Amino acid sequence: MRIIRRSECGQLARARSWTLLYGRRKVGKTTLLRTCVPHDLYVLVGHGGGHAVVGDEVVPVEEAVREVGAVLRRGGVAVVDEFQRLPTRYWDLVASWSPSGVLIAAGSSYGIVHKVFDKSSPLLGLFSPLHIDIIAYEEVLAQVGDPLLAVVWRDPWAIPHISSVEELRERARDLALIARGLIGEVFTEEDRELTDTYWRAILLVAEGYWKSTDVAGALGLRGGLASASSILSKLSKMGVLRAVPTLGRERYYTVRSPVLSLILYAEAKYSVSDLGAAPPELPIGREVQFTVGEMLASYYGAVQRYSPREDIDVVLTRGRRRLWAFEVKLGPFTRPEAAEAVARLRKVAERAGLVSLSERPPEVGDASLGPQELYQMARELAKSRGVI
């Protein structure tokens, strides 16, 4: 499996205080812990919290906790993976070891953050939180060089399974089973149940229902808009969905992981897990739009927004200023298309830019970004973070 270097690795390698990693399942936390943290002890807490893996042995969790304490008391570095599974009855003991050594704890849920930083938690004030998301697009693109493949490789679990977007389409049925299981794991770690309502809400978002009102109508919820808003908000907090601000008061909801979004679209639209046939198409353009938008926001130090009313792919703002508006395409722009797009973009923002993943657009706007320009932009960002 190819390992994509990422900026969080440097942060962890330099950690000199207790740190709590948190994030969705299968985003690469364990790989970061094993490859980036120079540790003296690595402990994986097992399901149920009654046992743990230390080295090549499965031991009672009490024994593992004692070993962690011994390492910390002599000033060493201990890693505790799946920390959310450690019974809370041990938290007071763990707190008693602070500030000795360096404890790096990782939790595969967003709920662990609230528990650790709750006002009644004995661990409050001992850890610095570090969120681990899917890999930044620019960090993947800088190492892979393919702007389209980099979109789906942002989620590390997909790397050994998919070598192209076409392969993703062909294997959609098999990958749909993985996607359902992965989301089920997210709910399990959050001590929630993946109910039919939550699952249908996720599939609706993947299919393109982005507004709370549309999701409420499609689900037919008794609580209407309030219930749909609550569901979408919870899914965002769990890392399953992402809320992109618009130029208005609405939020555009999308599945956080581009590869999961495409797989779930195939399931929602074509029932691939039941029918077994590969979907005829996947909305890769939508995922490219929002993914490239994230990188552009990082590059220009701005906030990424979407403009559904004007149908502008990417709007970058800083405070009240609308700095940039971009049109993003998979294919090339003709000169008339480019001129028409720039005229429309300039009605929304101070500057207008064109992005194409196939060739550099005509230079009729303020920025024309093709594959090579995107790659260079990605390398610049990755280099500034010490990734390359």
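About the criteria used
Residues numbered from 1 in each chain as written. Predicted model: local features only at pLDDT ≥ 70, side-chain atom pairs only at ≥ 80, totals over all residues. Heavy atoms only, no water. Helix = DSSP H or I, 4+ residues; strand = E, 2+ residues; numbered from the N terminus. Rg over C-alpha atoms; globule rule 2.2 N^0.38 Å. Buried < 20%, exposed > 50% of the residue type's maximum accessible area, 1.4 Å probe, protein only. Lys, Arg positive; Asp, Glu negative; His and termini not counted. Charge placed at Lys NZ, Arg CZ, Asp CG, Glu CD. Pairing = 2+ DSSP bridges. Axes fitted to C-alpha atoms, helices over the stretch in contact; angles between N-to-C directions. Contact = heavy atoms within 4.5 Å.

What the protein chain contains, in helices and strands, is 17 helices and 14 strands. Relative to a compact globule of 388 residues, whose C-alpha radius of gyration would be 21 Å, the protein chain shows 22 Å and is just as compact. Judged by the C-alpha coordinates and their principal axes, the protein chain covers about 70 × 50 × 40 Å. Classification of the 388 residues of the protein chain by burial places 54% in the buried group. Treating the 50 positive side-chain charges of the protein chain as one cloud and the 46 negative ones as another, the clouds have centres 6 Å apart.

This next bit is on unusual backbone geometry. Cis geometry marks the peptide bond from Ser98 to Pro99, where omega comes out at 5°. Of note, Asp191 is a non-glycine position whose phi angle comes to about 55°, a positive value.

Our next topic: the sheet that holds strand 6 (residues 102–107). Overall, mixed pairing links the 7 strands, which are arranged 4-3-2-5-6-1-7 in an open sheet. Edge positions in the sheet fall to strand 4 (57–60) and strand 7 (128–131), since each has one partner strand and no second. Here the average twist between neighbouring strands, direction ignored, is 25°. In the sheet, strand 5 (residues 77–81) pairs with strand 6 via 4 bridges, with the strands oriented parallel. Among the inter-strand pairings, Val77 is bridged to a residue of strand 6, identified as Val102. Seen against the sheet, helix 3 (residues 61–73) touches strand 2 (41–45), strand 3 (51–54), strand 4, strand 5 and strand 6 and runs at an angle of roughly 95° to strand 4.

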